[in-house]
Amino acid sequence: MTDQQKQTLLDQAKNILRKNNRGGFTVPTDRLYPFQWNWDSGFVSFGLAHFDLPAAMSELRTLFTGQWENGMVPHILFHSEKETTYFPNYQIWNAAVNAGAPQKPVTSGITQPPVHGFALERIYNLYRENKEVENFVREMFPKIVRFHRFFYEYRDPRKEGLVFIYHPWESGRDNSPLWDEAMANIKINKNELPPYERQDNKIADPSERPTDADYDRYVYLLELGKKNKYDGPGIAANSPFLIQDTLFNAILIKSNNALINLGIQFDFDVSELEDWQAMSVGRFNEKLWNEELGIYVSYDLRAEKQIALNEIGGIAALFAECVPFEQAEKINNYLTNLIKKDFFLCPTFDPADPKFDSKRYWRGPIWPHMNWLIYQGCIKYGFDQTAAQLKKDILGLVTQFGFYEYYEPQKKISQQLKKGYGGNDFSWAASSIIDLLMKNEK
Ligand code: 9WN
């Protein structure tokens, strides 16, 4: 890639982040997702930090204005109550059933992967010795620790060090084949579901989105959450969907680590974080490694078994840096084989599995921020060739098609396409590309 091409990409990416800024926060993309999303904002914050530090700090500050009294940071902050083009809207969530939900901004009632610890560390590493950033770290650190404490208090009833999610939206990988079995166990009686109308499939191509059957179950689980005032004890007792997700726990571990690093530098007490971390790392390796597949997998707490499928969350465990080298090498072998088989890196689901669907959302396509995550992991483990391929592939796709939500992973099919999949001018795609192209440390 020439310097000129890199500069063009950087300019485009910065323009997308400016265009998607709504005053203090960034929407993931116009129209399809017109609010502030939790883990998107984490990714966006460190991309912004490369060229607009005030915007980067506002992004996280604004996100944490949605933090609940129990510490949870919700997956959506509905900053505009007039905007009604997204389903489910704030009225459907009715977060007020929980007395600790803020009145403003109104929010959803579930959460998303806790990326904010490592996002904060990344911003700090870009601006060491900057007083404003140091104050920002001091301000954000306790809020993010509170968020982590929420997980260990509310989402880990057996005190294992592995936290559960109870809605696929919490995983960030909504319709991944990982959830198929648990979702199929939810028997839907339409009369018991409130009437609802999807909006997403009017804006994006329905063949690139989750199915109606998925949405029925998303609504079912939302209602279950609401009935339990979101995070009441009834969730762990009764939710048919109760999963210890690989990616979610890997990100928690990575962010714990980032907070420990920052805490030591800033003289915060990190003993609580260290206790959580010791428990989480040990259990992650014990319970979520699948020797047969050679990858980490999620664990279904309802069925009491591993979800033995080869999926991107298991690969992204490399990013958490808690993986012994022997295991990391097996994951790297899997990635190397994909390159040989004529796939761009990295499909979100195993192309050899019949459930692979190269254009339907989290069932196969490539997501730019996931490449960013795995790239960082590969660098840490010294898998330089795989890292280079991950970077090359995502830069190539973005250069060819634009900053899409996700992309076709099969090279042969990709050649015949004129665009990516899902939403366009996507914020975390822009942010991940900026971070990959800019020098990492100032
Ligand atoms: C539901 C915003 C979000 C991402 C998720 C992605 C998608 C929402 C949706 O968009 O989910 O949260 O309506 O499909 O799956 O990871 O945070 O970009």
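Below is a short write-up of the structure. (Residues numbered from 1 in each chain as written. Predicted model: local features only at pLDDT ≥ 70, side-chain atom pairs only at ≥ 80, totals over all residues. Heavy atoms only, no water.)

## Thoughts on the overall build of the protein chain
And then number 1: When its secondary structure is counted, the protein chain shows 20 helices and eight strands.
And then number 2: For 442 residues, the compact-globule estimate of 2.2 N^0.38 gives 22 Å, and the C-alpha radius of gyration of the protein chain, at 20 Å, lies within 12% of that figure.
And then number 3: When its C-alpha atoms are laid out on the principal axes, the protein chain stretches across 55 × 50 × 45 Å.
And then number 4: Taking all 442 residues of the protein chain together, the buried fraction comes to 64%.
And then number 5: If you take every contact in the protein chain between residues at least 6 apart in sequence, the share linking residues at least 24 apart comes to 72%.
And then number 6: Surface summary for the protein chain: the accessible area is close to 16900 Å², and the carbon and sulfur share equals 48%.
And then number 7: Distance from the positive charge centre (50 side chains) to the negative charge centre (57 side chains) of the protein chain: 3 Å. (Helix = DSSP H or I, 4+ residues; strand = E, 2+ residues; numbered from the N terminus. Rg over C-alpha atoms; globule rule 2.2 N^0.38 Å. Buried < 20%, exposed > 50% of the residue type's maximum accessible area, 1.4 Å probe, protein only. Contact = heavy atoms within 4.5 Å. Areas by Shrake-Rupley, 256 points an atom, 1.4 Å probe, with all protein chains shown as cover. Lys, Arg positive; Asp, Glu negative; His and termini not counted. Charge placed at Lys NZ, Arg CZ, Asp CG, Glu CD.)

## Examining helix H3 (residues 53-64)
And then number 1: Taking 1.5 Å per residue as the helical rise, H3 with its 12 residues ought to reach 16 Å, and the 17 Å between its terminal C-alpha atoms agrees with that figure.
And then number 2: Of all 12 residues making up H3, nine are buried, and the element is well covered by its neighbours.
And then number 3: If you check which residues of H3 are buried, you get Leu 53, Ala 55, Ala 56, Met 57, Glu 59, Leu 60, Thr 62, Leu 63 and Phe 64.
And then number 4: Packing partners of the buried residues in H3 comprise strand E1 (36-37), helix H2 (38-49), strand E2 (76-78), helix H5 (116-126) and helix H6 (131-154). (Expected span 1.5 Å × (residues − 1).)

## Description of the state of the cysteines
And then number 1: With the rule as written, the count across this model stands at zero disulfides.
And then number 2: Free cysteine: Cys 378, not disulfide-bonded; nearest cysteine sulfur from Cys 346 at 8.7 Å. (Disulfide = S-S within 2.5 Å.)

## Some remarks on the site of the ligand
And then number 1: Around the ligand sit 16 residues, and of these Asp 40, Tyr 86, Gly 172, Asp 174 and Tyr 361 come closest.
And then number 2: The contact in question runs from an oxygen atom of the ligand to an N or O atom on the backbone of Gly 172, over 2.7 Å.
And then number 3: The separation between an oxygen atom of the ligand and a polar side-chain atom of Arg 209 is 2.9 Å.
And then number 4: In isolation the ligand exposes 410 Å². Once the protein is present, 100% of that is buried. (Near = heavy atom within 4 Å. Polar contact = N/O pair within 3.5 Å; in protein donor to acceptor, adjacent residues only side chain to side chain.)

## Overview of the sheet that holds strand E8 (residues 305-307)
And then number 1: Reading across the sheet, the three strands line up as E4-E7-E8 and stay open at both edges, with antiparallel pairing between neighbours. A strand with exactly one partner marks an edge of an open sheet, and here the two such strands are strand E4 (243-244) and E8.
And then number 2: Inspection of the sheet shows strand E7 (residues 298-300) paired to E8 by three bridges, in the antiparallel sense. Each bridged residue has a counterpart across the sheet, and for Asp 300 the counterpart in E8 is Lys 305. (Pairing = 2+ DSSP bridges.)

## A short note on unusual backbone geometry
And then number 1: The amide bond that connects Phe 87 to the next residue, Pro 88, takes the cis arrangement and shows omega of 0°.
And then number 2: Residue Cys 346 is reached from Leu 345 by a cis peptide bond, and omega for that bond is -5°.
And then number 3: Mapped onto the elements, Cys 346 comes out in the loop between helix H16 (325-340) and helix H17 (368-381).
And then number 4: Even without being a glycine, Lys 229 presents a positive backbone phi close to 50°.
And then number 5: As for its position among the elements, Lys 229 is in the loop between helix H10 (212-227) and helix H11 (234-238).
And then number 6: One non-glycine residue with positive phi stands out, namely Asp 231, at about 75°.
And then number 7: Along the chain, the position of Asp 231 falls in the loop between H10 and H11.
And then number 8: The buried category is assigned to Asp 231, whose relative accessible area is 8%.

## Observations concerning H16
And then number 1: Given a rise of 1.5 Å per residue, 16 residues ought to cover 22 Å, and the 22 Å separating the end C-alpha atoms of H16 matches this to within 8%.
And then number 2: Of the residues making up H16, those classed as buried are Gln 327, Ala 328, Ile 331, Asn 332, Tyr 334, Leu 335 and Leu 338. Take H16 and look down its axis: the buried residues cluster within an arc of 150°, on one side only. H16 presents Glu 326 and Lys 340 as exposed residues on the side facing more than 90 degrees away from its buried surface.
And then number 3: Contact partners of the buried residues in H16: strand E5 (289-290), strand E6 (295-296), helix H14 (312-315), helix H15 (317-320), H17 and helix H18 (384-401). (Arc of directions from axis to C-beta.)

## Here's the deal with the packing of aromatic side chains
And then number 1: Applying the stated criterion to the full structure yields 50 aromatic pairs.
And then number 2: Ring centres of Phe 35 and Tyr 86 lie 6.4 Å apart, and the angle between their planes is 80°; on these two criteria the pair is classed as edge-to-face. Linking Phe 35 in the loop between helix H1 (3-19) and E1 with Tyr 86 in the loop between E2 and helix H4 (90-93), this pair joins segments that are 51 residues apart in sequence. For the pair Phe 35 and Tyr 86, a shared accessibility class is recorded, and that class is buried. (Phe/Tyr/Trp six-rings, centres within 6.5 Å; stacked < 30°, edge-to-face > 60°.)

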